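# Geometric and topological summary
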Amino acid sequence: GDSVTQMEGPVTLSEEAFLTINCTYTATGYPSLFWYVQYPGEGLQLLLKATKADDKGSNKGFEATYRKETTSFHLEKGSVQVSDSAVYFCALSDPPVTGNQFYFGTGTSLTVIP
Amino acid sequence: NAGVTQTPKFQVLKTGQSMTLQCAQDMNHEYMSWYRQDPGMGLRLIHYSVGAGITDQGEVPNGYNVSRSTTEDFPLRLLSAAPSQTSVYFCASSRTGSGNEQFFGPGTRLTVL
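The sections below set out a description of the structure shown in this document. Worth saying up front: this structure is predicted, and the values here are computed from it rather than measured.

### A look at the state of the cysteines
By definition, a disulfide links two cysteine residues through a covalent bond between their sulfur atoms. Residue and element names in this part refer to chain A. For the structure shown, the criterion picks out 2 disulfides over all chains. Each disulfide pairs two cysteine sulfurs, and for Cys23 the partner residue is Cys90, the sulfurs being separated by 1.9 Å. Because the sign of the S-S torsion sets the handedness, a value of about -70 degrees for the bond joining Cys23 and Cys90 places this disulfide among the left-handed ones. Residue Cys23 is found in strand S4 (residues 23-26), and its partner Cys90 is found in strand S10 (residues 86-93); the two are separated by 67 residues along the sequence.

Okay, structure coming up:
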């Protein structure tokens, strides 16, 4: 079945460091891919998404490219800020037969220190 | 728009008690779902619905019931609470079809003693 494997955390970086969080997926069809962010005590918010191979999603300085050949959707940011401290979830969306079922990775906790 | 709302925000139950977690959305979304979030396990799907009157089981449905009588509301019922159901519960909604963002509520933190 469909699944998402995400880089284990926690990750601690200094402000202005480069961030990469790895995400790979297994899917039988042609999924859409997402990154969600969860700040302490809150629900998940969409960070970015890509709906087909070679698409690049971007938002707030974060980027991820849908790589079908390596089944990956790694999250990157060139210069992290303290305000980026949160838990990041990679997810895929199954084709429409099940409505819009999502499969989530286990989450990666990021702490950025000044 | 309020988006997705959930009540209560916190709840403590004793083993064997029942309760209903409320979820509502005002975006006219067909698809609604319930997840539980546990440390190290990400989000796991409990139940979902593709429209009023239509529900189905997710990955971890045991001990939970749902119904969908209106497009807006999707309550989750715990029939007889167990300590293993201590978790944070999130409701989400979206339009149907791959590629559509799921919108999440703020969550309900449930503790079963």
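### What to know about the environment of Lys49 of chain A
Structurally, the position occupied by Lys49 of chain A is in strand S6 (residues 44-50). Exposure remark for Lys49 of chain A: the relative accessible area of 34% places this residue in the partly exposed category. C-alpha of Lys49 of chain A to C-alpha of Ala91 of chain A: the two residues are 42 residues apart in sequence and 9.3 Å apart in space. Once residues within four sequence positions are removed from consideration, Lys49 of chain A is found in contact with Leu33, Phe34, Gly57 and Phe73 of chain A together with Gly99 and Glu101 of chain B. At 2.6 Å, the side chain of Lys49 of chain A forms a polar contact with the backbone oxygen of Gly99 of chain B.

### Observations concerning the interface of chain A and chain B
Opposite the 26 residues of chain A that make contact, chain B presents 24 residues. Contact between chain A and chain B buries roughly 1,700 Å² in total, counting both sides, with carbon and sulfur atoms accounting for 53%. Sorting the residues of chain A by area buried against chain B places Leu44, Asn100 and Phe104 of chain A first, and these three jointly supply 27% of that buried surface. Here chain A and chain B share 0 salt bridges between them. Counting every contact that joins chain A to chain B gives 4 residue pairs in polar contact (both at pLDDT 80 or more). When residues of the side of chain A that touches chain B are traced back to their parent elements, those giving at least two are strand S5 (32-38), S6, S10 and strand S11 (102-104) of chain A. Per element, the largest residue contribution to the side of chain A that touches chain B is 4 residues, and it comes from S5 of chain A.

The rules we used
Residues numbered from 1 in each chain as written. Chains lettered and ligands numbered in written order. Predicted model: local features only at pLDDT ≥ 70, side-chain atom pairs only at ≥ 80, totals over all residues. Heavy atoms only, no water. Disulfide = S-S within 2.5 Å. Helix = DSSP H or I, 4+ residues; strand = E, 2+ residues; numbered from the N terminus. Buried < 20%, exposed > 50% of the residue type's maximum accessible area, 1.4 Å probe, protein only. Contact = heavy atoms within 4.5 Å. Polar contact = N/O pair within 3.5 Å; in protein donor to acceptor, adjacent residues only side chain to side chain. Buried area = accessible area lost by both parts, 1.4 Å probe. Salt bridge = Lys/Arg side-chain N within 4 Å of Asp/Glu carboxyl O.

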